[in-house]
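Summary of the model geometry
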Amino acid sequence: MFEGLFSPRGVAVVGASRNPTKLGYGVARNLVVSGYPGAIHFVNPRGGRLFERPLYSDLACVPDPVDLAVIMIPAQSVPEVLIECGQRGIQYAIVGAGGFRESGEDGRALEERTLAAAREAGVRVLGPNCIGYLDTHLPIDTSFLPLPGPIQGDIAFLSHSGAICEAVIDWARGQGFGLSRLVSLGNQMDLNEGELLPATAEDPNTHVVAMYLEGIGEGRHFIEQARKVTDRIPVVAIKVGQSEAGRAAVASHTGAMAGSDDAFDAAFRKAGVIRARHSEEMFDWARALAWCPLPDGPEMAVLTNAGGPGAIAADALVANDLRLARLSGETTERIAELLPEAASLKNPVDMLAGAGPREYADCLRFLLEDEAVDGVIVILPPPPVTTAAEVAGAIIPLIQSSEKPVVIALMGEELIAHAARLFRGARIPDYRFPERAASVLRVLHQRATQLEIDRSEPVQFEDVRLEEARAILAQAELDRHGFMLASTSADLLACFGISIPEQRTVSDADAACEAAVEIGFPVVMKVEAAELVHKSDLGALALNLQSEQAVRAAFQQLSERVQGAAPSLEMRGVILQPYLPEGQEVILGFVRDDQFGPLMMFGTGGVEVEALQDVAFELTPLTGADAEKLVESTWAGRRLRGFRGLTAVDREAVVETILRVGQLAETLDDVQELEINPLRVMPGEGGAWALDVRVRLRNAAV
């Protein structure tokens, strides 16, 4: 994929310069110094020679072969050069210049003209506003970054930020790990992360991909492509810009609580991408994923020569949703024969300060041979009677031959420097503190679990009345915010097989009494009005009405209450439903994210939803496993099985309702936002009933 970009037969540097202060000089230098085996051509209308090669006056003069142009000229001239690339038969170009959309409206217009020129010429573009890419195995370096470049390795890095690329190269050298490929994405005018991720993952020298993202261009395409990649190799990403834009007060709970960062979290989960929260963490994890075997489970052991760091490691493992392994009696006995009487034989195993290479090696072997142990943290501060390097030399062969992950908490700096070099040379990840080592084991376990996920198809129900639903949308009366009336929203849900209590909409007290008799007492009365957001806020509902007299009185009270509290509301009448007194209440719904599509929410419902913030999110389309995960990720879902004084309710009906709403979200593109609050879940197999529904259509200002 993209062979002309990543494995070009020849490269032309347009704007190559003999001036060492120019970026065009840096690109030419790096291309030559990298040892790139293909043809290298330099273009500059002033002519002359550079690095013992001629400077051609234009692309038309450049001899074959040339598949890739690296364009290092002012932004205004780029469209013309892209046209020349097309005429020359060059299919790929890297545009390093800035001054495009990142610089304002004029730059945005220039970027649009540049993209149009590229498409006219049939040239795919990396950038603009990027530093190019490098590959340590081909090798090739199209960047202008200072030398030396990265050491050869197996971690690829894709980044929206060029400055981050420069820092990562230098940092990686200092940390003793190498890169297979580094790609600067820049503005992604044309080629984006959704295309370049699978192309990078196809590289046989890449075992892990790390990504620095400031956004995602085509959300659903990225998820689709990333999911294919993560089925084969791990992907770790950091997404910056996590703050959430404010939501209009009129939006539903779902819309108000579902920030853009929730969508990215859900997108990464769906794609199998492991999300890091900061840069160092991303590469901590990437190194371990590249170098370590995966654990069979979450049971971990800690081996230390000091109690304090061992306690820190134990706490950190628990904080990372792992468990301290319960060592077998045989393991404990073997350790006891080796260590002083004062040593701690329980997990964490504290060998005491006098432990040397033999104690570390033998105890580590005992732990790895214990079937109850899935992975080990070895804590190694500078030993008082030997050296960390001697200990490293004793345990490295054990770790290299182990089928279980072992990570090193190598505590210190100068006194452990030699040991760090030994571990890194042996491809064993070391970290300065136990907390970082624990997080690495969590990610290794996460990756192991990820590979076991059922990739079943999204659930589709056959009893959906789709044409009727579309007709309801076409005829729906909307308020100025795009919300349908509550009664119409309920009719829409019924088309998707979602249980709605019998309801009647009436406009006067006499009709309300008649409807209540037909439904059967007790009943619930709700105000039907455009612009009415949350009925409980205005006291616009009455519960458990037991008689006609109570219904008549409630109609009068609700009318007066709404008129007094919100005189601008146009009350259309009231909705009557049967009163369902028992059960648990949850909320579910979705809001359509601009990048990723419908984002489902599930959690604690009723009036407590915003106060408790007990909610979880997942992107559609939904599999049965997705719906189960939504439920189990919240306290609201877990308590459906019953808890203390709470009766167990119909959990399966909740899962089915989530799946049906997910199908609605996938099927009806016009629906921007939907919320059921509450969904009343009944005991036993009594079902789940949507008591209050709000639906907002797309292209309506909020």
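Quick note: structure is the one above.
Report on the accompanying structure. (Residues numbered from 1 in each chain as written. Predicted model: local features only at pLDDT ≥ 70, side-chain atom pairs only at ≥ 80, totals over all residues. Heavy atoms only, no water.)

Below, the discussion takes up the overall build of the protein. A tally of helices and strands in the protein yields 25 helices and 30 strands. Its C-alpha atoms give the protein principal-axis dimensions of about 95 × 80 × 40 Å. For the protein, with 702 residues in total, the buried portion stands at 59%. In the protein, the proportion of contacts linking residues at least 24 apart, taken out of those at least 6 apart, comes to 72%. Averaging the coordinates of the 62 positive side-chain charges in the protein and doing the same for the 97 negative ones gives two points 4 Å apart. (Helix = DSSP H or I, 4+ residues; strand = E, 2+ residues; numbered from the N terminus. Buried < 20%, exposed > 50% of the residue type's maximum accessible area, 1.4 Å probe, protein only. Contact = heavy atoms within 4.5 Å. Lys, Arg positive; Asp, Glu negative; His and termini not counted. Charge placed at Lys NZ, Arg CZ, Asp CG, Glu CD.)

On to the nonpolar core. In globular proteins that are soluble, nonpolar side chains generally tend to be buried together. Counting 106 residues, the largest nonpolar core has L5, F157, L196, L197, M211 and I377 as the members making the most contacts within it. Top contributing element to this core by residue count: helix 10 (residues 279–291), with eight residues. In contact with L196, other than residues within four places in its own chain, are F2, L5, F6, L126, L158, V183, L185 and L191. Grouped together as the second largest cluster of nonpolar side chains are 46 residues, V586, L640, A653 and V681 included. (Core = buried A, V, L, I, M, F, W, Y, C linked by side-chain atoms within 4.5 Å.)

Our next topic: the packing of helix 10 against helix 16 (residues 434–450). Axis angle and axis distance: for two packed helices, these are the angle between their axes and the distance between the axes, and together they describe the pair. Closest axis-to-axis distance for the helix 10/helix 16 pair is 9 Å, and the angle between their directions is 60 degrees. Relative to helix 16, helix 10 is oriented oblique. Two packed elements cross with a definite hand, and for helix 10 against helix 16 that hand is right-handed. Where helix 10 abuts helix 16, its residues E280, D284, W285, R287, A288 and L289 lie against R436, S439, V440, R442, V443, L444 and R447. Of the residues assigned to the contact of helix 10 with helix 16, the class counts are six nonpolar, one polar and six charged. (Axes fitted to C-alpha atoms, helices over the stretch in contact; angles between N-to-C directions. Parallel < 35°, antiparallel > 145°, perpendicular 65-115°, else oblique. Left-handed = near helix turned anticlockwise from the far one by under 90°. Nonpolar A, V, L, I, M, F, W, Y, C, P; charged D, E, K, R; others polar.)

For the structure on display, the rule yields 41 salt bridges. Across the salt bridge formed by R334 and E369, the nearest N and O atoms sit 2.9 Å from each other. Of the two residues, R334 is situated in helix 12 (residues 329–338) and E369 in helix 13 (residues 357–369); the sequence distance between them amounts to 35 residues. Here E518 and R504 are joined by a salt bridge, their closest N and O atoms 2.2 Å apart. Pair noted here: E518 is in helix 19 (residues 509–519) and R504 is in strand 21 (residues 504–506), with a separation of 14 residues, a long-range link. One continuous salt-bridge network, built from bridges that share partners, spans E280, D284, R287, E413, R424, D430, R432 and R436. (Salt bridge = Lys/Arg side-chain N within 4 Å of Asp/Glu carboxyl O.)

With that settled, consider the side chain of D362. Position of D362 among the secondary structure elements: in helix 13. Judged by relative accessible area, which is 15%, D362 ranks as buried. A polar side-chain atom of D362 sits 3.1 Å from a polar atom in the side chain of R365. (Polar contact = N/O pair within 3.5 Å; in protein donor to acceptor, adjacent residues only side chain to side chain.)

Time to look at the sheet that holds strand 10 (residues 152–159). Read across the sheet, seven strands follow the order 9-8-11-10-12-13-14 without closing on themselves; strand pairing throughout is mixed. Pairing within the sheet leaves two strands with one partner each, and these edge strands are strand 9 (140–141) and strand 14 (274–276). Lying on the sheet, helix 5 (residues 162–175) is in contact with strand 8 (133–135), strand 10, strand 11 (179–184) and strand 12 (208–213); it crosses strand 11 at an angle near 160 degrees. Lying over the sheet, helix 9 (residues 260–271) contacts strand 12, strand 13 (235–239) and strand 14, oriented at roughly 140 degrees with respect to strand 14. (Pairing = 2+ DSSP bridges.)

In this chain, L147 is followed by P148 through a cis amide linkage whose omega measures 0 degrees. Structurally, P148 is set in the loop between strand 9 and strand 10. For the peptide bond that leads from F521 to P522, omega is -5 degrees, which places it in the cis range. In this fold, P522 is placed in the loop between helix 19 and strand 22 (523–529). We note that F2 has phi near 55 degrees; this positive angle belongs to a residue other than glycine. By the secondary structure assignment, F2 is in the segment before helix 1 (3–6). When its relative accessible area of 13% is taken as the criterion, F2 is described as buried.

Here we take up the pairing of strand 15 (residues 299–304). Within strand 15, six of the six residues are buried, which leaves it mostly tucked inside the rest of the structure. On strand 15, burial covers both faces: E299, A301 and L303 on one face and M300, V302 and T304 on the other are all buried. In this region the chain leaves strand 15, passes through helix 11 (residues 307–319) and returns to the parallel neighbour strand 16 (residues 323–324); the handedness of that crossover is right-handed. In the sheet, strand 15 pairs with strand 18 (residues 375–379) via four bridges, with the strands oriented parallel. Paired with A301 across the bridge in strand 18 is V376. (Right-handed = clockwise from strand over helix to strand, strands pointing away.)

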